[in-house]
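# Reading the structure
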Amino acid sequence: MRILFMGTPYLAAETLRAVHEKDGVTVVGAVTRPDKPKGRGMKLIPSPVKEYALANGIPVFQPKTLRDGAFRETLEALDPELIVVAAYGNILPPYVLDYPKYGCVNAHGSLLPEYRGAAPIERAIMDGKTVTGITAMYMDEGLDTGDMIARYPCPIEDTDDGGTLTEKLAKLAGQAMCDVIDAIAAGTVSRTPQPGEGSTYAAKITPEDQRADFSKPARVVFNQIRALNPSPSAETVMPDGSALKLTEAYPCEDGNPEGALPGTVLETVGKGAGRILVACGEGAVAVTGVIPSGKKRMSAGDFVRGRKIAPGDVLGVKPGEDPGHSEQ
RNA sequence: CGCGGGGUAGAGCAGUCUGGUAGCUCGUCGGGCUCAUAACCCGGAGGUCAUGUGGUUCAAAUCCCUUCCCCGCAA
């Protein structure tokens, strides 16, 4: 089967790998977003999909848009029978949707109709969900609104973070697309419209989403920190005004018995992996991993040993700002 | 040439402004205390201070210059 793949980040690259390694499949091309035009020192950063494709001899296409005629010519030249999409980042216009005889299928990182959109994995963890998954679906002109083919549940463990869950879902996405290809080849594929009710939208992560809000319960702060690890990470502000990313933590429901002001550092431990206990609206979070501004990812113990933080410091409040107005 | 931080012992840092004995918190090794310990006490090892047989100086981790590398932000 002649397949054209479209996708961009890690999850998409793993999906491409699964499809590419599948018997009876010819990947005629990989469409991915253009290399990021800048980076530190003007570096170009190719997408994971592009890297995989180049390493495996798959032609790479990086159109700025699918809407103009330039891509239509490419599409006709590649002449795919099926288009497989995973986290490509663009809506497909009708002429693309209609071209392949077997249609366009997508692997989405949630159990639709929940978490349609750009950041379903992170949003599911942030919301404290215990189950998410991959939905294999046909694409239409809407945002993740097409008919479903199959859903693959995946539990979210307390030990999961954005990185581990993405890895798990990436494997499922690969499996899902291989199953879909088999079903299409066998003529047994089925499609079910999404329920009209229960849909939610998982907007992309904004800087505001990254800002740790210690006024929330410990569990919420914990969910936020792990959802955004390893990238882009939850972030707070040190008493000196510098940024501090929080990469690892665990909740201590009874860690703030005296009801200290949210953001207050209650305890620092510099032995071993160490930890930094920070008061929350309810309970406290024990931060165990951080990235100081201009520094590498390090354990809380290393950070404490460097004497950058001490009990009594208040996080999340810029110097001169009233701690009572931590909202907004 | 987008903005900024940094390269000092195995780890994280201080010291650099105001040149003049290489320090701190840990880890590690040895000893002690203890019923015992990741706790406490004592002692030791471990660093050409990223690079340049660079410049200035009586003297450079520190001031000036070179090159390389790392990281955060922004996209």
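As the structure is a computational prediction, the values presented were derived from the model and not from experiment.

## Section: the overall build of chain A
On a plain count of helices and strands, chain A comes out with nine helices and 15 strands. Referenced to the eigenvectors of the C-alpha coordinate spread, the extents of chain A come out at roughly 65 × 45 × 35 Å. Summed over all atoms, the accessible surface of chain A reaches about 15,700 Å², with 51% contributed by carbon and sulfur. For chain A, the separation between the mean place of its 35 positive charges and that of its 42 negative charges on side chains is 6 Å.

## Things to note about the packing of aromatic side chains
Using the criterion set out here, one finds zero aromatic pairs in the structure. Here the guanidinium or amino end of Arg72 rests over the ring plane of Tyr95, the centre of that ring lying 4.1 Å away. It is Arg191 that lies over the ring of Tyr138; its NZ or CZ is 4.1 Å from the centre.

## Here we look at the side chain of Ser233
Turning to its location among the elements, Ser233 is positioned in the loop between helix H8 (218-227) and strand E10 (234-237). The class for Ser233 is buried, based on a relative accessible area of 1%. Not counting chain neighbours up to four residues away, the residues in contact with Ser233 comprise Gln210, Leu228, Lys245, Leu246, Thr247 and Arg297.

## Considering the state of the cysteines
Counted under the stated rule, the structure contains zero disulfides. Its sulfur unpaired, Cys178 is 17 Å from the next cysteine sulfur, which belongs to Cys154. Exposure remark for Cys178: the relative accessible area of 14% places this residue in the buried category.

## A look at the sheet that holds strand E3 (residues 60-61)
If you trace the seven strands from one edge of the open sheet to the other, you get E3-E2-E1-E4-E5-E7-E8, paired in mixed fashion. If you trace the sheet from one side to the other, it starts and ends with E3 and strand E8 (148-155), each paired once. Pairing analysis gives five bridges linking strand E1 (residues 2-7) to strand E2 (residues 26-31), with the strands arranged parallel. Bridging across to E2, Met6 finds its partner in Val31.

## As for the environment of Glu208
Positionally, Glu208 belongs in helix H7 (residues 207-210). On the basis of relative accessible area, Glu208 is assigned to the exposed category, the value being 51%. Sequence spacing of Glu208 and Glu235 is 27 residues, and the spatial spacing of their C-alpha atoms is 9.4 Å.

## Digging into helix H3 (residues 69-78)
Those residues of H3 that fall on the buried side of the exposure criterion are Phe71, Leu75 and Leu78. All buried residues of H3 project into a common sector of 70 degrees when viewed along the axis, lining one side. Counted as exposed and oriented over 90 degrees from the buried face of H3: Ala70, Glu73 and Ala77. For H3, the elements touching its buried residues are E1, E2, E3, strand E4 (82-86) and helix H4 (94-97). Following H3 by one or two positions, Asp79 has its phi on the positive side, about 50 degrees.

## Structural notes on a nonpolar patch on the surface
Where nonpolar side chains cluster on the molecular surface, the patch consists of Ile91, Leu143 and Tyr201 and spans about 290 Å² of accessible area. As for its position among the elements, Tyr201 is in strand E9 (residues 201-202). For Tyr201, a relative accessible area of 56% puts it in the exposed group.

## Section: the domain arrangement of chain A
Looking at chain A, the domain boundaries give domain 1 (2-202) and domain 2 (207-325). Once you take the C-alpha centre of each, domain 1 and domain 2 turn out to be 35 Å apart. For the domain 1 and domain 2 pair, buried surface summed over both sides reaches about 900 Å², with 48% attributable to carbon and sulfur atoms. For the pair domain 1 and domain 2, the number of links is two salt bridges. A salt bridge links Arg219 to Asp158; the nearest nitrogen and oxygen atoms lie 2.6 Å apart. Only helix H5 (120-126) and helix H6 (162-186) provide two or more residues apiece to the side of domain 1 that touches domain 2. A breakdown of the residues in the side of domain 1 that touches domain 2 according to their chemical character gives three nonpolar, three polar and six charged.

## Remarks on the environment of Tyr88
Tracing the chain through its elements places Tyr88 in the loop between E4 and H4. A C-alpha to C-alpha distance of 9.3 Å links Tyr88 and Phe5, two positions 83 residues apart in sequence. Apart from residues lying up to four places away in sequence, Tyr88 is in contact with Met6, Gly7, Thr8, Val31, Thr32, Arg33, Pro63 and Leu66.

## Thoughts on unusual backbone geometry
Of all residues except glycine, most have a negative phi; of all peptide bonds, most are trans. Here the bond from Leu112 into Pro113 is cis, since omega is 10 degrees, no more than 30 degrees from zero. Counting through the fold element by element, Pro113 comes out in the loop between strand E5 (104-108) and strand E6 (116-117). Despite not being glycine, Tyr115 shows a phi value in the positive range, around 55 degrees. Here Arg307, not a glycine, exhibits a phi torsion of approximately 60 degrees, which is positive.

Rules used in this analysis
- All residue numbers here refer to positions counted from 1 along the written sequence of the relevant chain.
- Going through the entries in the order they are written, you letter the chains from A and number the ligands from 1.
- Residue-level local features of this predicted model are given only where pLDDT is at least 70; pairs of side-chain atoms are given and counted only at 80 or more, and the full residue set underlies all totals for whole chains, interfaces and linings.
- Heavy atoms throughout the structure, all of them, feed into the side-chain values; hydrogens and water do not.
- Only DSSP runs of H or I reaching four residues or more are called helices, and only runs of E reaching two or more are called strands; each is numbered from the N terminus.
- Exposure was quantified through the Shrake-Rupley algorithm and a 1.4 Å probe, taking into account, for residues, occlusion by the shown protein chains and nothing else.
- Working convention for charge: Lys and Arg count positive, Asp and Glu count negative, and His plus the chain ends are omitted.
- A charge is said to be at NZ when it belongs to Lys, at CZ for Arg, at CG for Asp and at CD for Glu.
- Aromatic rings from Phe, Tyr and Trp, with only the six-membered ring used for Trp, were paired whenever their centres fell within 6.5 Å, and each pair was classed as stacked if the ring planes differed by under 30 degrees, edge-to-face if by over 60, and tilted otherwise.
- We call a charge positioned over a ring when the NZ of a Lys or the CZ of an Arg lies within 6 Å of the ring centre and within 35 degrees of the ring normal.
- Note on classification: 1.4 Å probe, protein chains only; a residue is buried when its accessible area is under 20% of the maximum for its type, exposed when over 50%, partly exposed between these limits.
- Working rule for contacts: check all heavy atoms of both residues, and any pair within 4.5 Å makes them a contact.
- A pair of cysteine sulfur atoms is labelled a disulfide when the two atoms are within 2.5 Å.
- Two strands qualify as a pair provided that DSSP identifies no fewer than 2 bridges between them.
- Directions from the helix axis toward the C-beta atoms define the arc.
- Nonpolar side chains (Val, Leu, Ile, Met, Phe, Trp, Tyr) within 5 Å and like charges within 9 Å form the patches, drawn only from residues with over 30% relative accessible area and no salt bridge.
- Any carboxyl oxygen of Asp or Glu that lies within 4 Å of a side-chain nitrogen of Lys or Arg is treated as forming a salt bridge with it.
- Either an automatic procedure or a domain database provided the assignment from which the domain bounds are taken.
- Values labelled buried area give the accessible surface lost by two parts on being combined, using a 1.4 Å probe and summing over both.
- Following the grouping adopted for this structure description, the nonpolar residues are Ala, Val, Leu, Ile, Met, Phe, Trp, Tyr, Cys and Pro, the charged ones are Asp, Glu, Lys and Arg, and the polar ones are all others, Gly among them.

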